[in-house]
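If you want the building blocks of each chain, they are given just below.
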Amino acid sequence: MKRSFDIAYSQLEMLTFEEEQMPVYRALLLSIFSASAALAQDIDPQNGHDLYRTYCWQCHGFEATGDGPMAEMLAIRTPDLTRLEVQNGGVFPTEAVARQIDGRAPLLAHGGEMPIFGPALDSDKKVAISMPDGQPMIVGVPLANVIAYLEAIQTE
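Presented here is an overview of the structure given in this document.

So, how was this worked out
- Residues numbered from 1 in each chain as written.
- Predicted model: local features only at pLDDT ≥ 70, side-chain atom pairs only at ≥ 80, totals over all residues.
- Heavy atoms only, no water.
- Axes fitted to C-alpha atoms, helices over the stretch in contact; angles between N-to-C directions.
- Helix = DSSP H or I, 4+ residues; strand = E, 2+ residues; numbered from the N terminus.
- Parallel < 35°, antiparallel > 145°, perpendicular 65-115°, else oblique.
- Contact = heavy atoms within 4.5 Å.
- Nonpolar A, V, L, I, M, F, W, Y, C, P; charged D, E, K, R; others polar.
- Buried < 20%, exposed > 50% of the residue type's maximum accessible area, 1.4 Å probe, protein only.
- Pairing = 2+ DSSP bridges.
- Expected span 1.5 Å × (residues − 1).
- Phe/Tyr/Trp six-rings, centres within 6.5 Å; stacked < 30°, edge-to-face > 60°.
- Lys NZ or Arg CZ within 6 Å of the ring centre and 35° of its normal.

Considerations on the packing of helix 3 (residues 45-55) against helix 7 (residues 141-152)
(1) Moving on: Relative to each other, helix 3 and helix 7 sit at 95 degrees, their axes nearing to 7 Å. Here helix 3 is positioned roughly perpendicular relative to helix 7, judged by the angle of their axes. Mapping the contact onto sequence places Pro45, Asn47, Gly48, His49, Leu51 and Tyr52 in helix 3 and Pro142, Asn145, Val146, Ala148, Tyr149 and Leu150 in helix 7.
(2) Moving on: Along the lines of polarity and charge, the residues of the contact of helix 3 with helix 7 split into 8 nonpolar, 4 polar and no charged.

Observations regarding the pairing of strand 1 (residues 126-130)
(1) Moving on: Burial along strand 1 is one-sided: the residues Val127 and Ile129 are buried and none of Lys126, Ala128 and Ser130 is.
(2) Moving on: As defined by bridge partners, strand 1 adjoins strand 2 (residues 136-140) across 5 bridges and the pair is classed as antiparallel. Each bridged residue has a counterpart across the sheet, and for Lys126 the counterpart in strand 2 is Gly140.
(3) Moving on: The turn linking strand 1 back onto strand 2 is made up of 5 residues, and Gly134 within it adopts a positive phi angle of 90 degrees.

Focus: the environment of Asn47
(1) Moving on: Looking at the element boundaries, Asn47 is found in helix 3.
(2) Moving on: Take Asn47: its relative accessible area is 30%, and that puts it in the partly exposed class.

With respect to helix 7
(1) Moving on: Here helix 7 is 12 residues long and its end C-alpha atoms lie 16 Å apart, about the 16 Å a rise of 1.5 Å per residue gives.
(2) Moving on: All of the buried residues in helix 7 are Val141, Pro142, Leu143, Ala144, Asn145, Val146, Ile147, Ala148, Tyr149 and Leu150.

Quick look at the packing of aromatic side chains
Pairs of aromatic rings are described using the distance from one ring centre to the other and the angle between the two planes.
(1) Moving on: Within this structure, the stated rule accounts for 2 aromatic pairs.
(2) Moving on: Measuring from centroid to centroid gives 5.5 Å for Tyr52 and Tyr149, while their planes differ by 45 degrees, and the two rings are tilted. A residue pair is termed long-range when its members are at least 10 positions apart, and Tyr52 in helix 3 and Tyr149 in helix 7 qualify at 97 residues.
(3) Moving on: Each ring, one from Trp57 and one from Phe62, has its centre 6.1 Å from the other, and the planes form 85 degrees; the classification is edge-to-face.
(4) Moving on: If you follow Arg53 out to its NZ or CZ, it ends over the ring of Phe62, 3.5 Å from the centre.

What follows is the structure, encoded as structure tokens:
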């Protein structure tokens, strides 16, 4: 199986550029693929677990099943975060989870936006996470880590 770098490099070789321009294009292509690999390595579900245990468990429960000590104070039932994939037809709802956490999809159960701690999950360091349809979504690394943790704990 060819790596994406090998495929892209092969396609680049097929193009007919002047001999002196080829090293520039090769260096550019190499830097793009190197940056993509570095970004993917930044996502850490264990860090997401730690962030969840700092900011989320009080409402969503220690095991993310919706039974946190603050859950009874909310206007709606706190969801079982371990079953998001099952409730979405077998596909983890990455975009919906991101939008809920970062505040783009407000939840009135909290008296306003859901992410009381949302700013703590934002960062100047951004990463592209992949939606189920393959499209990228740019989010802060801490939020990407929480999403990776939530995706990792899905059950049937």
